[in-house]
Every structure is written in structure tokens, then in C-alpha cells.
Amino acid sequence: MSRFGSTSTAEFLGSAWARCAQLLPRRGDLAAMRRSPKQDLVAGLAVAIVALPLALAFGVASGLGAQAGLATAVVAGIVAAVFGGSHVQVSGPTGAMTVVLVPVVHHYGAAGVLMVGMLAGVVLVAMAVARMGRYVRFLPVSVIEGFTAGIAVVIALQQVPAALGVRDASGDKVWAIAADAVRQYVQHPQVAPLVVALAVAALMLGGARWRPGVPFSLVGVAIATVAARYFDLGLVPIGHLPASLPAPSLDFVDAGAVSSLMASALAVAALAALESLLCATVADGMSVSEHHDPDRELFGQGMANLVVPVFGGVPATAAIARTAVNVRAGARSRLAAVIHSIVLLAAIFALAPLVSDIPLAALAGVLFATCVRMVETGSIVALMRSTRSDALIVILTFSVTVALDLVTAVGVGVGLAVILALRAVAQSARLEEVPLESGDHTVEEHALLSEHIVAYRLDGPLFFAAAHRLLLELPEIADVKVVILRMSRVTTLDATGAQVLGDTISRLEHRGIVVLLSGIAPGHDEVLASLGVADHLRNRGLIFADTPAAITHARKVLAELSV
């Protein structure tokens, strides 16, 4: 037994190691980085200009500070680029992550965020090894749009205190904190923070339509910083920013808190997987020859989230905004994302004193504009008009995201989507009486068949969600001697469907009706045999390969009964 166990363990470990080796960087990746270094350099610079204010804003929004956002952008940008499955993706902190991290910071502090990031990294690596990359993309679009819109609203609500210049707003939920900030603002209004936040947001949204290639987020933040530095506007700066990355540290929470943080870690892993794979799909569509490897992309994001916490960063994932800029700027390989991180690192050294003076209200404006861009109004309207089920999923997922939390919202949205999908599939199953057509019959034989033999055809899935409704539709037929259940069009049969089929056969036989089965698929016959359903019919030769054979036997039964 021990020898068998050790052999199995060795085989498992060998298989896992071989799978990990398939996910590691390849020589072709390095060769691609040498082909167009100038184009990658230009693209990396362009992405860094866009990523700098976003990294600062998301770091502040997460609760760990601007330095955490910069550390995440630098470290994750390099690690995810090297190990990821896309040549043009750019990773870093994102708004969706801040929604999950704010409660963690509130209850466990910075150490809790670091632990969540590392646990999420482990989950992502495990998903990659298990080849789950292709399945993450099966999440319903109605759920994605619902919680994306909800995330946008939550991020916007998180920025209300900073935009109003309120520093001590309190509440259990983000909407309660925003309401308390509004209440305090009404009592002691400050014009400057609100004007700065709205001006930066308006500049970003309006400028994007006028000159899409200009980084108006950086322009707006720079103008606000200069104005705050030379004029007494009463704006609160983001605070001291170290002129280097934090030294590696492993200051995590104690082991007892790991289990309570696991739900947040799973949410972060799910978000990282979803965002990175959706982003990679968008990048494939924007590029001519780009085609990402979903499992390698999960592996790259997992490695990034394992390394980032060591430098005090927040969980990271690929970002559509930065990736889109990268592709449009002409990126050809992973070198562009690496250059983006190097430029950000240089900015930390060169601009640390200036960056420390950036007003929180300006970063709030950046996130306000980002929230507006996150919501695809056209897609949501189209979903709301498509089906009632999709509209219900969008509304419920959005509402739960804003009112409760993202983890609950995703669970509720997916659960509702599964229930509605099962309902739709179950309703597609049909049970209908069909005419009997079997060779040449005399008029008397046709009359006899139509009077004493009834055939029902089962169409579609016969599983737990449809079996009871379908088979209980068998009418209380009278003056019938033989019933033929035609099963050639049954697409799915599970244990519940087989059990209900057996109950239906017993109910008909209890009324003295002979039941014949025809056209059972081999896989379905295995299910019936394993559960012992219709064994007596099989032993008596009452299961037939096709309907004509069943009709021929039904005539014999009628003849015997008449004699």
C-alpha cells in the first residue's frame, strides 16, 4: 500500500512539475523582445504616462497609500509581462481590486491586504496548473456588466470624501461613508476640493474625445498639483512618498486570520482571472497576430501577486486601459510592459517630492472619470432589452455590489444565472404524442394501434431540472394497453431523470399498461443500468433499438391480450 501511495504521489508531483514547466517563459518570448525594441520603447513610455496617475489613485483608494500603487505597477508590470500569456498586456492595480481591499484594510490593516494578495497568487497558479483558463471566460456577460457597473459606482462613492475635502467620514458601507461625507460637507462646505475633482474628471472625459492620444489624466493632476503648491487652496496632499520601492518584507497577519481572509483572496483571484483574460481577449482583437494563452496568463498573474506583497503592493491584474494604450502605441512584445515599469521606477526616484504634493481631490477626479469609462452604457442597455433574465441578473448583481459587497454580488449573480439557465433548458424539454408509422398496415391494424397503443417522444434534456415536469405531463390515458416511450432524442440523462423515468414506468404498469422503451443511447443505457432502472424491462426484452421494432412487439402484446 505504501509503495502504491508513494508511486502515485511521485507521478502526481512529476505531472504537476511538467505542467508548471509548460507555463514558464519560452525562448520565443525573448526572441520576440529583440525584434522591435524601438516600438516597444515608445509604447512603454506612453503606457507609463497613463499608468502613473492611475497607480497613485488606485493605491490611495485601496487604503495602503500611493506608494503601494506605484510598487504594484512596477513589480506586477515586470513579473506578469515575463510570465504571462499575452505579449502586449500591462498589469498593475485596478479599481475592481480596491472594492475588495477596502474592507480588508479596515479589519486587518495593511498586513491583511498583503496576505490576501499572496493567497490569491497561490489560487491563480493552481488554476493555471489545473488548466482552468478556458473556463473562467464562461462567466455570463450579464453578471460581468452588472458587477462592473456596481464596481464603478462603489469606486465613485469611495472618492466622495476626498472630492469634498472630508477626512473623517464614517460608516459600515461605502454608501454610508459617502452619505456621512456629504452631511459634513453641507455643514462645513469647501469649494476648492470639489472644483478640482470635477475639473480633472471633466478634462479627462472631454479631452479624450478631443485628442484621444493625449494623457489628460496626467495633465489634470499636474495642473492641480502646481495650483495647490503655489496657492493656498486648502487641498489635502497624498503625503510623503518614499524615493524608492519599499524593502522586501514578509510582515503578514498571523496564521489564525488566514481562514477568514480566504473569501477575500478567492474574490481577488476571481477578479484577477476575469479581468486579465477579458483584457487579453480585447488585446487579441486589437492586434493582427496576437493570440494569448489563457493558462499562462493565469500563471503570470499568480506569480505577480505572489511577488507584489513582498514589496508592500496591492493585488494586481491586467488593465484594459493600459493594455489598449500599449497596443495603440505600437507594442510588439513583452518588452513594452517591462519598459513601462522601469519608467515608473525612475519616476519614483526623480519625482517623489512633487508626487507627494498631489492633492487627493485630483486623484478623486481621475477615478471619477475612470468610473465613467468603466460603464459600457450601450452594452447594459442592450442587455436590459434582450431578455428579462439578463435584465434581472444585471439589476440584481449591480444592486448587491453597491449595497453589500463584490464577493456576495458575484455569487448571487452567477447563482441566479445558473438557475435561470437551468429553467430555460428544462422548459426546452418536450413530451409529445407521435403518430405510429411502421410499414404497411391494414385499416383494421391502424385502428387497433390508434386505439390501444400510444407512443410518446421525449425531446431534449431529461435531468433534475426537467424530469419531474416532463414525465408528470404523461396524461391519464384511458383504454390503452401499450405505451411506447421513444428516447432517441433525449440529449441528457442524469440520475434524477433516470429515477423519475423508473417511477413513471411503475405508475403506468400499476394501471395494467405494458411499457416499451426504444432508441436509448448507449450512454443513457449505462445510467439506467447502474441505477437499476427498467431492469425488469431489459430482462423481459421490452427495450428495443428503434421504434418500428417496438411497434411490432406491441402488436404481439395486443394479439396475446385479445386471445
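A few points on the structure. What you see is a predicted model; the values in this text were computed from it and never measured. (Residues numbered from 1 in each chain as written. Predicted model: local features only at pLDDT ≥ 70, side-chain atom pairs only at ≥ 80, totals over all residues. Heavy atoms only, no water.)

**Some thoughts on the pattern of salt bridges**
Side chains that differ in charge, positive against negative, can pair when their charged atoms come close. Applicable threshold: Each salt bridge in this description consists of a side-chain nitrogen of Lys or Arg and a carboxyl oxygen of Asp or Glu lying within 4 Å of one another. Residue burial is assigned from relative accessible area. The probe radius is 1.4 Å, only protein chains are included, and a residue is buried under 20% of its type maximum, exposed over 50%, and partly exposed in between.
For the coordinates displayed, the defined rule picks out six salt bridges. A salt bridge links Asp459 to Arg457; the shortest N-O distance between them is 3.6 Å. The buried category is assigned to Asp459, whose relative accessible area is 6%. For Arg457, a relative accessible area of 15% corresponds to the buried category. Each of Arg457, Asp459 and Arg489 takes part in a single network of salt bridges with overlapping partners.

**Some details on the environment of Thr401**
Rules: A helix here means a DSSP run of H or I that spans at least four residues, while a strand means a run of E at least two residues long, and both kinds are numbered starting from the N terminus. In protein, a polar contact requires one atom able to donate a hydrogen and another able to accept it; more generally it is a pair of N or O atoms within 3.5 Å, and residues adjacent in sequence count only if both atoms are side-chain atoms.
Within the element layout of this structure, Thr401 appears in helix H18 (residues 388-403). Distance from Thr401 to Phe147, taken between C-alpha atoms, is 6.1 Å for residues 254 residues apart in sequence. Within the local environment of Thr401, its side chain forms a polar contact with the backbone oxygen of Thr397, the two atoms lying 2.7 Å apart.

**What about the packing of helix H5 (residues 95-129) against helix H7 (residues 141-158)?**
The condition that has to hold: Under this scheme, a helix contributes an axis fitted over its contacting stretch, all axes are lines through C-alpha atoms, and angles between N-to-C directions fall in the 0 to 180 degree range. Roughly parallel means an angle under 35 degrees; roughly antiparallel means over 145; roughly perpendicular covers 65 to 115; every other angle is labelled oblique. By the definition used in this description, the sense in which the near helix is turned from the far one sets the handedness, with an anticlockwise turn below a right angle giving left-handed and a clockwise turn giving right-handed. Whether two residues are in contact is decided by their heavy atoms: any pair within 4.5 Å suffices. Amino acids outside the nonpolar list (Ala, Val, Leu, Ile, Met, Phe, Trp, Tyr, Cys, Pro) and the charged list (Asp, Glu, Lys, Arg) are all regarded as polar, and Gly is one of them.
With their axes 9 Å apart at the nearest point, H5 and H7 run at an angle of 65° to one another. Viewed along their axes, H5 and H7 adopt a mutual orientation that is roughly perpendicular. Once H5 is placed against H7, the crossing between them reads as left-handed. Where H5 abuts H7, its residues Gly95, Ala96, Thr98, Val99 and Val102 lie against Ile151, Val154, Ile155 and Gln158. Residues of the contact of H5 with H7, tallied by class, amount to six nonpolar, three polar and no charged.

**Some points on a nonpolar patch on the surface**
Here is the rule we go by: Like-charged residues within 9 Å of one another, or nonpolar side chains (Val, Leu, Ile, Met, Phe, Trp, Tyr) within 5 Å, are grouped into patches, provided each residue has over 30% relative accessible area and no salt bridge. Under the convention used here, a 1.4 Å probe and the Shrake-Rupley method define accessible areas, while residue burial counts only the protein chains that appear.
Taken together, Val226, Tyr230, Phe231 and Leu233 make up a surface patch of nonpolar side chains, about 450 Å² in accessible area. Topologically, Leu233 is positioned in the loop between helix H11 (216-230) and helix H12 (258-286).

**Structural notes on the packing of helix H3 (residues 37-62) against H5**
Running from N to C, H3 and H5 cross one another at 30°; their axes reach a closest spacing of 8 Å. Classed by the angle they form, the pair H3 and H5 counts as roughly parallel. Residue-level contacts link Phe58, Ala61 and Ser62 of H3 to Gly95, Thr98, Leu101, Val102 and Val105 of H5. Considered class by class, the residues forming the contact of H3 with H5 number five nonpolar, three polar and no charged.

**Details of H5**
Stated formally: Expected helix span is taken as 1.5 Å per residue step, with the number of steps being one fewer than the number of residues. Given a residue, its bend is the angle between the two axes fitted to the seven residues that end at it and to the seven that start from it.
Taking 1.5 Å of rise per residue, the 35 residues of H5 would be expected to cover 51 Å, yet its terminal C-alpha atoms sit only 27 Å apart, more than 12% below that figure. Its maximal kink placed at Tyr108, H5 deviates by approximately 130°. Directly after H5, the chain includes Arg131, whose backbone phi takes a positive value near 60°.

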